[in-house]
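Results of the structural survey
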Amino acid sequence: MSPRLLLIDDDARLTAMVGDYLRRAGYTVDVAGSLAEGRERIGRELYDALVLDLMLPDGDGLELCRDLRAAPRTRSLPLLMLTARGEPMDRIVGLELGADDYLPKPFEPRELLARIKALLRRAQPSADDEVLRFGRLEVDPGERQARLDGRPCDLTSYQFDLLLVLARAPGRVLSRDQIMDALKGHALEAFDRSIDVHISRIRAAIEDDPKMPRRILTVRGAGYVFAKKQDAEAA
(Lines give C-alpha, C1' and ligand atoms only; values in the text may rest on other atoms or scores of the structure.)
Protein backbone atom coordinates (compact mmCIF):
# COMPACT_ATOMS: atom_id res chain seq x y z
CA MET A 1 0.00 0.00 0.00
CA SER A 2 1.36 3.41 -0.94
CA PRO A 3 2.09 5.93 1.83
CA ARG A 4 -0.77 8.32 2.42
CA LEU A 5 -0.05 12.03 2.72
CA LEU A 6 -2.17 15.03 3.65
CA LEU A 7 -1.21 18.39 2.17
CA ILE A 8 -2.81 21.37 3.95
CA ASP A 9 -2.34 24.55 1.91
CA ASP A 10 -4.76 27.11 0.48
CA ASP A 11 -2.71 27.69 -2.68
CA ALA A 12 -4.77 25.66 -5.16
CA ARG A 13 -2.22 25.96 -7.95
CA LEU A 14 0.60 24.77 -5.70
CA THR A 15 -1.34 21.87 -4.23
CA ALA A 16 -2.41 20.70 -7.68
CA MET A 17 1.17 20.73 -8.95
CA VAL A 18 2.70 19.16 -5.83
CA GLY A 19 -0.13 16.67 -5.46
CA ASP A 20 0.31 15.43 -9.03
CA TYR A 21 4.09 15.21 -8.58
CA LEU A 22 3.80 13.17 -5.39
CA ARG A 23 1.16 10.88 -6.87
CA ARG A 24 3.45 10.14 -9.82
CA ALA A 25 6.10 9.25 -7.23
CA GLY A 26 3.78 6.60 -5.83
CA TYR A 27 2.04 8.39 -2.95
CA THR A 28 -1.64 8.73 -2.16
CA VAL A 29 -2.27 12.43 -1.59
CA ASP A 30 -5.25 14.20 -0.03
CA VAL A 31 -5.50 17.97 -0.06
CA ALA A 32 -7.14 20.37 2.39
CA GLY A 33 -7.39 24.09 1.74
CA SER A 34 -8.01 25.24 5.30
CA LEU A 35 -7.33 24.34 8.91
CA ALA A 36 -10.94 23.28 9.40
CA GLU A 37 -10.84 20.90 6.45
CA GLY A 38 -7.44 19.60 7.53
CA ARG A 39 -8.69 18.88 11.04
CA GLU A 40 -11.74 17.11 9.66
CA ARG A 41 -9.63 14.87 7.42
CA ILE A 42 -7.15 14.05 10.17
CA GLY A 43 -10.02 13.20 12.47
CA ARG A 44 -11.46 10.56 10.15
CA GLU A 45 -8.42 9.26 8.24
CA LEU A 46 -5.01 7.83 9.09
CA TYR A 47 -2.04 9.45 7.36
CA ASP A 48 1.62 8.49 7.14
CA ALA A 49 2.81 12.11 6.98
CA LEU A 50 1.47 15.66 6.97
CA VAL A 51 2.68 18.65 4.92
CA LEU A 52 1.35 21.79 6.59
CA ASP A 53 1.44 25.40 5.44
CA LEU A 54 1.69 27.88 8.30
CA MET A 55 -0.33 30.67 6.70
CA LEU A 56 -3.93 29.54 6.12
CA PRO A 57 -7.14 31.53 5.56
CA ASP A 58 -8.80 30.41 8.80
CA GLY A 59 -5.81 30.51 11.14
CA ASP A 60 -2.17 29.72 11.75
CA GLY A 61 -0.81 26.26 11.02
CA LEU A 62 1.18 26.47 14.25
CA GLU A 63 -2.08 26.07 16.15
CA LEU A 64 -2.79 22.78 14.38
CA CYS A 65 0.80 21.63 14.95
CA ARG A 66 0.40 22.26 18.67
CA ASP A 67 -2.89 20.36 18.82
CA LEU A 68 -1.54 17.38 16.89
CA ARG A 69 1.40 17.01 19.24
CA ALA A 70 -0.88 17.18 22.26
CA ALA A 71 -3.07 14.28 21.02
CA PRO A 72 -1.80 10.69 21.54
CA ARG A 73 -3.19 9.58 18.16
CA THR A 74 -1.16 12.14 16.17
CA ARG A 75 1.76 12.83 18.50
CA SER A 76 4.23 10.91 16.31
CA LEU A 77 2.73 11.78 12.93
CA PRO A 78 5.66 12.94 10.72
CA LEU A 79 5.04 16.62 10.05
CA LEU A 80 6.76 18.95 7.61
CA MET A 81 6.00 22.67 7.68
CA LEU A 82 5.81 24.83 4.59
CA THR A 83 6.50 28.46 5.30
CA ALA A 84 6.91 31.67 3.32
CA ARG A 85 8.13 33.35 6.48
CA GLY A 86 11.81 34.15 6.35
CA GLU A 87 12.48 34.92 9.98
CA PRO A 88 14.41 32.23 11.88
CA MET A 89 12.19 32.75 14.92
CA ASP A 90 9.12 31.62 12.97
CA ARG A 91 10.89 28.40 12.11
CA ILE A 92 12.09 27.92 15.67
CA VAL A 93 8.54 28.29 17.00
CA GLY A 94 7.34 25.61 14.61
CA LEU A 95 10.12 23.26 15.67
CA GLU A 96 9.43 23.96 19.33
CA LEU A 97 5.80 23.00 18.78
CA GLY A 98 6.84 19.65 17.38
CA ALA A 99 7.32 19.92 13.61
CA ASP A 100 9.89 17.42 12.32
CA ASP A 101 11.15 19.50 9.42
CA TYR A 102 10.46 22.69 7.50
CA LEU A 103 10.74 23.83 3.91
CA PRO A 104 10.61 27.50 2.95
CA LYS A 105 8.62 28.65 -0.06
CA PRO A 106 9.29 28.69 -2.94
CA PHE A 107 10.66 25.16 -3.12
CA GLU A 108 11.45 22.45 -5.64
CA PRO A 109 9.00 19.52 -5.62
CA ARG A 110 12.00 17.18 -5.76
CA GLU A 111 13.28 18.58 -2.48
CA LEU A 112 9.87 18.17 -0.86
CA LEU A 113 9.77 14.56 -2.08
CA ALA A 114 13.24 13.88 -0.67
CA ARG A 115 12.27 15.26 2.71
CA ILE A 116 9.02 13.30 2.82
CA LYS A 117 10.93 10.12 1.99
CA ALA A 118 13.34 10.88 4.82
CA LEU A 119 10.54 11.46 7.33
CA LEU A 120 8.79 8.23 6.36
CA ARG A 121 12.01 6.25 6.40
CA ARG A 122 12.86 7.39 9.90
CA ALA A 123 9.34 6.64 11.09
CA GLN A 124 9.74 2.97 10.19
CA PRO A 125 10.52 0.74 13.18
CA SER A 126 13.60 -1.47 13.20
CA ALA A 127 12.94 -4.45 15.44
CA ASP A 128 16.59 -5.57 15.27
CA ASP A 129 17.86 -2.53 17.18
CA GLU A 130 18.75 -3.12 20.80
CA VAL A 131 17.04 -1.11 23.52
CA LEU A 132 19.51 1.31 25.14
CA ARG A 133 19.11 1.54 28.92
CA PHE A 134 20.46 4.31 31.13
CA GLY A 135 19.06 3.96 34.64
CA ARG A 136 15.47 5.20 34.56
CA LEU A 137 15.71 6.03 30.84
CA GLU A 138 15.21 3.58 27.97
CA VAL A 139 15.75 4.49 24.32
CA ASP A 140 14.01 1.92 22.11
CA PRO A 141 14.94 2.19 18.40
CA GLY A 142 12.58 -0.63 17.42
CA GLU A 143 9.53 1.03 18.94
CA ARG A 144 10.97 4.49 18.20
CA GLN A 145 10.18 5.48 21.74
CA ALA A 146 11.99 6.85 24.76
CA ARG A 147 10.63 5.78 28.14
CA LEU A 148 11.23 7.16 31.61
CA ASP A 149 10.35 4.66 34.35
CA GLY A 150 8.46 2.73 31.66
CA ARG A 151 6.33 5.71 30.65
CA PRO A 152 6.65 7.02 27.06
CA CYS A 153 8.32 10.42 26.71
CA ASP A 154 6.65 13.09 24.60
CA LEU A 155 9.08 13.39 21.67
CA THR A 156 8.60 14.08 17.98
CA SER A 157 10.15 11.80 15.37
CA TYR A 158 13.02 14.23 14.83
CA GLN A 159 13.63 14.64 18.55
CA PHE A 160 13.76 10.88 19.03
CA ASP A 161 16.33 10.55 16.24
CA LEU A 162 18.41 13.32 17.80
CA LEU A 163 18.27 11.61 21.20
CA LEU A 164 19.22 8.30 19.59
CA VAL A 165 22.30 9.82 17.93
CA LEU A 166 23.51 11.07 21.32
CA ALA A 167 22.54 7.94 23.25
CA ARG A 168 24.47 5.72 20.85
CA ALA A 169 27.66 7.64 21.68
CA PRO A 170 27.51 8.05 25.49
CA GLY A 171 30.41 10.02 26.91
CA ARG A 172 31.45 11.35 23.50
CA VAL A 173 31.15 15.05 22.71
CA LEU A 174 29.34 15.56 19.40
CA SER A 175 29.47 18.90 17.62
CA ARG A 176 26.40 20.36 15.94
CA ASP A 177 27.96 19.54 12.57
CA GLN A 178 28.46 15.90 13.58
CA ILE A 179 24.89 15.66 14.84
CA MET A 180 23.45 17.21 11.68
CA ASP A 181 25.60 14.91 9.55
CA ALA A 182 24.21 11.91 11.44
CA LEU A 183 20.71 13.21 10.85
CA LYS A 184 21.07 13.74 7.11
CA GLY A 185 17.83 12.89 5.39
CA HIS A 186 15.95 14.45 8.30
CA ALA A 187 17.06 17.78 6.91
CA LEU A 188 16.59 21.07 8.65
CA GLU A 189 18.95 22.78 6.21
CA ALA A 190 22.12 24.21 7.75
CA PHE A 191 20.11 25.74 10.57
CA ASP A 192 22.12 24.41 13.48
CA ARG A 193 20.40 26.52 16.13
CA SER A 194 17.38 24.27 15.65
CA ILE A 195 19.37 21.54 17.40
CA ASP A 196 19.49 23.73 20.51
CA VAL A 197 15.71 24.08 20.38
CA HIS A 198 15.20 20.33 20.14
CA ILE A 199 17.76 19.55 22.85
CA SER A 200 15.76 21.77 25.19
CA ARG A 201 12.57 19.85 24.36
CA ILE A 202 14.30 16.49 24.79
CA ARG A 203 15.65 17.53 28.18
CA ALA A 204 12.19 18.55 29.31
CA ALA A 205 10.88 15.11 28.31
CA ILE A 206 13.60 12.87 29.78
CA GLU A 207 14.79 14.90 32.76
CA ASP A 208 11.75 15.25 34.99
CA ASP A 209 13.54 15.93 38.28
CA PRO A 210 15.34 19.32 38.45
CA LYS A 211 17.33 18.08 41.45
CA MET A 212 18.96 15.34 39.37
CA PRO A 213 21.95 15.97 37.06
CA ARG A 214 21.25 16.40 33.39
CA ARG A 215 21.52 13.46 31.04
CA ILE A 216 22.40 15.63 28.02
CA LEU A 217 25.21 18.04 28.81
CA THR A 218 26.23 21.14 26.88
CA VAL A 219 29.96 21.45 26.26
CA ARG A 220 30.52 25.15 25.63
CA GLY A 221 32.01 25.81 22.22
CA ALA A 222 32.06 22.10 21.35
CA GLY A 223 28.56 20.62 21.27
CA TYR A 224 26.65 18.09 23.35
CA VAL A 225 27.40 14.87 25.19
CA PHE A 226 25.07 12.16 26.44
CA ALA A 227 26.35 11.49 29.95
CA LYS A 228 27.18 7.96 30.95
CA LYS A 229 25.47 6.87 34.16
CA GLN A 230 28.51 7.49 36.29
CA ASP A 231 29.12 10.86 34.61
CA ALA A 232 25.54 11.97 35.21
CA GLU A 233 25.66 10.92 38.83
CA ALA A 234 28.93 12.72 39.38
CA ALA A 235 27.94 15.89 37.53
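Everything here concerns the structure above.
All values derive from a computational prediction rather than experimental measurement. (Residues numbered from 1 in each chain as written. Predicted model: local features only at pLDDT ≥ 70, side-chain atom pairs only at ≥ 80, totals over all residues. Heavy atoms only, no water.)

**Details of the pattern of salt bridges**
Note the following rule: Between Lys or Arg on one side and Asp or Glu on the other, a salt bridge is scored when a side-chain nitrogen of the former is within 4 Å of a carboxyl oxygen of the latter. Numbered from the N terminus, helices here are DSSP runs of H or I no shorter than four residues, and strands are runs of E no shorter than two.
The final tally for this structure, using the stated rule, is 22 salt bridges. Residue R4 pairs with E45 through a salt bridge whose shortest N-O separation is 3.1 Å. Of the two residues, R4 sits in strand β1 (residues 4–8) while E45 sits in the loop between α2 (35–44) and β3 (49–53), which places them 41 residues apart along the sequence. Two residues, R133 and E138, come together in a salt bridge whose shortest N-O distance is 3.3 Å. Three or more residues joined by partner-sharing salt bridges are found here, namely R4, D30, E37, E40, R41, R44 and E45.

**Considering the sheet that holds strand β9 (residues 137–140)**
Under the convention used in this document: A pair of strands is treated as paired once DSSP finds two or more bridges between them. Residue contacts are counted whenever heavy atoms from the two residues lie within 4.5 Å of one another. In this analysis an axis means a line fitted to C-alpha atoms, helices contributing only their contacting stretch, and an angle means the value between N-to-C directions, from 0 to 180 degrees.
Across the sheet, which stays open at both edges, the four strands sit in the order β8-β9-β10-β11 with antiparallel pairing between neighbours. On the outer flanks of this sheet lie β8 (132–134) and β11 (151–152), each paired with one strand and no other. Sheet topology places strand β10 (residues 145–148) next to β11; two bridges connect them, and they run antiparallel. In the sheet register, R147 faces β11, and the bridge partner there is P152. Across the sheet, helix α6 (residues 157–167) is in contact with β8, β9 and β10; its angle to β9 comes to roughly 110°.

**Quick word on the sheet that holds strand β6 (residues 79–83)**
Strand order in the open sheet formed by five strands is β2-β1-β3-β6-β7, with parallel pairing between adjacent strands. Each having just a single partner strand, β2 (28–32) and β7 (101–104) make up the two edges of the open sheet. The average undirected angle you get between the axes of adjacent strands in this sheet is 20°. Sheet strands touched by helix α3 (residues 61–70): β1, β3 and β6. Its angle to β3, the strand with the most contacts, is close to 150°. Contacts from helix α5 (residues 109–123) reach β1, β3, β6 and β7 within the one sheet, and its direction differs from that of β7 by about 175°.

**A closer look at the pairing of β6**
Regular strands show a simple pattern: their side chains alternate between the two faces of the sheet. Using the following cut-off: For every residue, the accessible area (1.4 Å probe, protein chains only) is compared with the maximum for its type, and the residue is labelled buried under 20%, exposed over 50%, or partly exposed between those bounds.
Across the five residues of β6, five count as buried, placing the element largely inside the fold. For β3 and β6, the ladder comprises four bridges, and the chain directions are parallel. By the bridge assignment for β6, V51 is matched with L80. Bridging between β6 and β7 involves four bridges; their strand directions are parallel. Counted as the bridge partner of M81 is Y102 from β7.

**Observations regarding the pairing of strand β13 (residues 216–219)**
With four bridges connecting them, β13 and strand β14 (residues 223–226) associate as antiparallel partners. Of the residues in β14, the one forming a bridge with T218 is Y224. Taken together, β13 and the strand that follows it, β14, pair antiparallel across an intervening segment of three residues, in which G221 is found at a positive phi of about 80°.

**Quick word on unusual backbone geometry**
Residue P106 is reached from K105 by a cis peptide bond, and omega for that bond is -5°. Within the secondary structure, P106 sits in the loop between β7 and α5. You will see that D149, though not glycine, has its phi angle at about 55°, which is positive. Assignment of secondary structure puts D149 in the loop between β10 and β11.

**Focus on the nonpolar core**
Generally speaking, nonpolar side chains in soluble globular proteins are found buried as a group. How we decide: By nonpolar core is meant a set of buried Ala, Val, Leu, Ile, Met, Phe, Trp, Tyr and Cys residues that side-chain atoms within 4.5 Å join together.
The biggest cluster of nonpolar side chains holds 29 residues, and the ones touching the most others in it are L163 and I216. Looking at this core, the elements that each hand over two or more residues are β8, β9, β10, α6, α7 (176–182), α8 (193–206) and β14. If one sorts the elements of this core by residue count, α6 sits on top with eight residues. Dropping the residues within four chain positions of it, I216 is found in contact with L163, L166, I199, I202, R203, I206, E207, Y224, V225 and F226. Listed in part, the 21 residues of the second largest apolar core include I8, A32, L77 and M81.

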